[in-house]
Structure formats: C-alpha cells, structure tokens
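A structural walkthrough
Each chain, letter by letter, is given below.
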Amino acid sequence: MRLNTELAQKIVKEARSSLDEHFIIVDTNFRIIASSDPSRVGQFHEGAKTAIEEDRTVVIKPEDVPRLKGVKPGINMPIKHNGEVIGVIGITGNPQDVRPFAELIRRLTELFIKEVVQAEQLESQSRAMEAFVYEWARKDRIDEALINQSEILGFSILKPTLVIMGHVSEKEPDVFKRLSASLLRLFRHPIRVIRWSNQRFILFIDAPFYERKSLKARLENAVHCLLNEENLHVTMGVAKEPRAKLIRPSFIEAEVALNSATLDRPVVFYESLTLEILLQDITKENAAAFLKNSWQPVLENGELAETLVTYLKYNLSVSKAAEALHVHVNTLHYRIRRMEELTGLSLRTSEGMASAYLAIRLYEKRHLYS
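A short tour of the structure in this document, coming up. Predicted model only: the values in this text are computed from it and were never measured.

What counts, and at which threshold
Residues numbered from 1 in each chain as written. Predicted model: local features only at pLDDT ≥ 70, side-chain atom pairs only at ≥ 80, totals over all residues. Heavy atoms only, no water. 1 Å grid on protein atoms, 1.4 Å probe; cavity = no way out; pocket = protein on both sides within 12 Å on 5 of 7 lines; lining within 4 Å. Points joined across faces, edges and corners; volume = space filled by probe spheres on them. Helix = DSSP H or I, 4+ residues; strand = E, 2+ residues; numbered from the N terminus. Nonpolar A, V, L, I, M, F, W, Y, C, P; charged D, E, K, R; others polar. Pairing = 2+ DSSP bridges. Axes fitted to C-alpha atoms, helices over the stretch in contact; angles between N-to-C directions. Salt bridge = Lys/Arg side-chain N within 4 Å of Asp/Glu carboxyl O. Buried < 20%, exposed > 50% of the residue type's maximum accessible area, 1.4 Å probe, protein only.

1. Brief notes about the layout of surface pockets
Of the pockets and cavities examined, the largest pocket occupies roughly 710 Å³. Looking at the largest pocket, it is lined by 19 residues, and the ones nearest its centre are Leu-122, Glu-123, Ser-126, Phe-176 and Ser-180. In terms of residue count, helix 3 (residues 95-136) provides more of the lining of the largest pocket than any other element does, six residues in total. Looking at the lining of the largest pocket residue by residue, the class counts come to eleven nonpolar, three polar and five charged.

Shown next as structure tokens:
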C-alpha cells in the first residue's frame with residue numbers, strides 16, 4: 001500500500017483532533033505530502049528518510065535542525081501497514097513535550113489506515129457485487145461463467161432468492177450507507193442490500209426465510225423504522241416468488257410493484273396488482289393522448305382534482321365526499337357539474353367513472369413515462 005495525499009490529509013486532520021500540535025505525513029519518497037502547516041507540503045524531510053530507511057523513531061532536537069534538511073524539532077515515527085513501512089508521521093514541537101503522546105498518535109494513525117483500507121475493500125466488493133447483479137438481472141440464460149462468478153462473490157444463484165426493489169426519496173451522499181446498515185440491523189435472518197441506482201436499491205432474501213404474511217409485516221416495520229429513526233422515506237416492491245438461476249422475471253415484477261407503491265402504501269406485492277399491470281404497458285404517447293382527451297383539465301385544477309379523487313374514493317357518495325372535503329353538498333354538486341362540463345364526460349355512467357379512475361392512475365404515474 002502507498003500513502004496518497006488525500007489519505008495523508010485525513011490522517012493529519014484525525015491526529016489534530018486528538019492532540020493540538022502540528023503534524024506532517026511523509027511518503028516513502030521522503031517528501032511531505034500533508035501537513036497542518038501547508039507551507040511544508042512538498043518539502044524533502046531528512047529525518048523521515050532516516051526513520052524509513054532504518055525503521056525507527058527519529059527524535060529531532062533544536063540543535064539538530066541546522067544540519068538536517070527540511071526538519072523542525074519533534075518526533076518522527078514510521079507508519080506501518082501489514083508489517084511494511086509506508087510512510088512517517090511527525091509531531092512538531094519540543095521532543096520532551098510531545099514524547100508522551102508520540103506512540104499513541106502512531107498507533108491511532110495505523111489503526112485509522114487499517115480502517116480506511118478495510119472500508120475501501122468493502123466498497124470494492126460492494127461495487128463488484130453491484131456489477132454482477134446488474135448483469136445477472138439482464139440475462140436471458142445462465143452460463144457456467146456467471147455461476148462461478150456468483151460463487152466467488154459468495155452469492156450462489158443456484159439457490160432460490162426473493163427480489164425486493166426499493167426506492168428512497170432522499171438524495172444525500174450517505175443515504176445508501178445509512179439505509180443498508182439499518183436494513184441489516186432490522187432483519188433477523190441474512191439479507192443482501194445492493195445499490196441499484198442513485199435512489200433505488202435491491203434487497204435479496206433467501207427462500208428458506210420467505211413467508212409472505214410475516215414478510216409484509218417485517219417490510220412495513222422496516223419502512224416505519226427508517227422513517228422514524230433515519231428520516232428516510234422508503235417504498236418497496238416485492239416480486240411474486242423466490243427464483244433461482246434466471247432472475248430477470250423477478251426484477252421486472254419487483255419494479256412493477258415498486259412503481260405502484262406510494263408513501264401511503266409503501267410496500268406492494270406483485271400479486272396484489274391488477275390494473276397497475278396494464279398501466280405499465282401504456283406508452284407515454286398513449287397516456288398523454290388519453291389524458292388530453294379526458295380528465296386532464298380537471299386533474300390540473302387542484303380543487304377539482306381533489307374533489308374527483310375524494311368522490312371516487314367514497315364510491316360516488318355525495319354526502320361522504322362532501323364531509324371529507326369539508327364543503328356543503330351543493331358545493332360538491334357544483335364541482336361535479338363543472339368537471340363534466342370541462343371533460344364532456346359524466347360521472348353517472350360506467351364509462352365516465354372508469355375513465356376518471358384510469359385518468360387519475362395515469363396522472364399519478366406520469367413519472368414512469370419521463
């Protein structure tokens with residue numbers, strides 16, 4: 001491993017948070033690559049050269065400064081990773097004053113580097129898994145190479161697994177990390193959480209732990225906890241059944257179910273869908289034409305749109321809809337007439353009711369066609 005400038009700057013920042021002294025990080029070329037004093041960056045450091053070549057702590061006293069190039073009084077210690085010297089951390093100051101903290105700072109530095117390396121390895125493994133899942137989800141047939149690749153990653157595609165696709169509304173950089181950690185904590189049995197896109201993720205659950213009724217309760221609880229504990233707004237779509245090998249149908253089902261989920265109905269199972277399955281196949285052009293020729297003038301009017309949705313929600317009951325809207329019955333009758341005038345359709349006919357319901361669903365799902 002080699003120290004780079006970015007990591008070195010993080011080490012200096014971390015060291016300064018523990019001890020209010022000046023620090024330098026020197027690479028194996030004996031150049032200062034990070035310092036709490038920016039003017040020293042890029043300078044050759046003779047004390048660090050000795051520390052690296054002789055693998056020992058080098059103490060620089062005030063009287064040593066004139067004869068050594070690029071140094072200041074302080075203590076310089078080799079930094080090791082897996083037994084190999086990868087650089088030097090130096091503490092600037094009177095050696096007698098900083099000596100009590102020197103070994104602690106060196107150990108903290110090596111521990112910090114170890115954690116960074118482990119995090120990078122996990123991120124690399126995560127990206128390899130994401131790339132594999134992306135390829136697997138698009139395969140029409142499974143070959144030996146894909147099976148071997150899955151086993152190398154510790155994820156056998158020969159075992160049935162349930163696919164759940166999720167969406168998180170928030171866009172902060174650390175959202176997936178928070179989301180993944182919370183989901184792994186909330187589920188008792190093994191799961192895998194894979195980043196699918198900027199705001200979407202995939203949840204894999206092994207078939208032996210699959211039971212539809214308890215799964216629904218667990219997913220709804222997870223959504224509730226993510227909102228209350230992490231302030232994350234999450235929806236999920238669940239495929240029809242666990243599958244092995246060819247998984248593409250599961251991804252299609254999970255995505256269709258997710259596209260039908262809302263914050264009021266955050267967990268949707270594919271088999272619970274009816275009209276939504278047909279809506280997925282309506283093109284952008286056909287949806288736009290249907291809306292333009294029917295209920296678009298109503299749906300673009302906030303008051304009338306709310307009235308239409310509420311009226312249908314209460315199964316055309318004028319009294320219940322008026323009560324829910326907090327308006328007089330006569331006001332509701334007026335709005336219904338206004339809607340019928342704008343569209344030329346009557347809510348008193350089966351055609352009018354069906355087209356109104358379809359228009360509402362298409363209008364809600366416009367993001368699918370963008």
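2. Quick word on the sheet that holds strand 9 (residues 234-238)
Note on sheets: strands pair through backbone hydrogen bonds, and any given pair is parallel or antiparallel. Pairing in this open sheet of five strands is mixed, and the strands run 7-8-6-9-10 from one edge to the other. The strands lining the two open edges of the sheet, one partner per strand, are strand 7 (191-195) and strand 10 (267-269). Each strand of the sheet is rotated relative to its neighbour by a mean of 20°, with strand direction disregarded. Strand direction decides the pairing type here: strand 9 and strand 10, joined by three bridges, are parallel.

3. Structural notes on the pattern of salt bridges
Applying the stated criterion across every chain yields a total of 26 salt bridges. Between Glu-103 and Arg-106 there is a salt bridge, and its shortest N-O distance comes to 2.3 Å. Of this pair, Glu-103 and Arg-106 both sit in helix 3, three residues apart, roughly one helical turn. Overall, Glu-103 belongs to the partly exposed group, its relative accessible area being 35%. A salt bridge links Glu-255 to Arg-200; the nearest nitrogen and oxygen atoms lie 3.2 Å apart. Placement of Glu-255 in helix 7 (residues 248-259) and of Arg-200 in strand 8 (residues 200-206) is noted, with a sequence separation of 55 residues between them. Here the salt bridges do not stand alone but share partners, grouping Glu-103, Arg-106, Arg-107 and Glu-110 into one network.

Geometric values such as these leave the question of function open.
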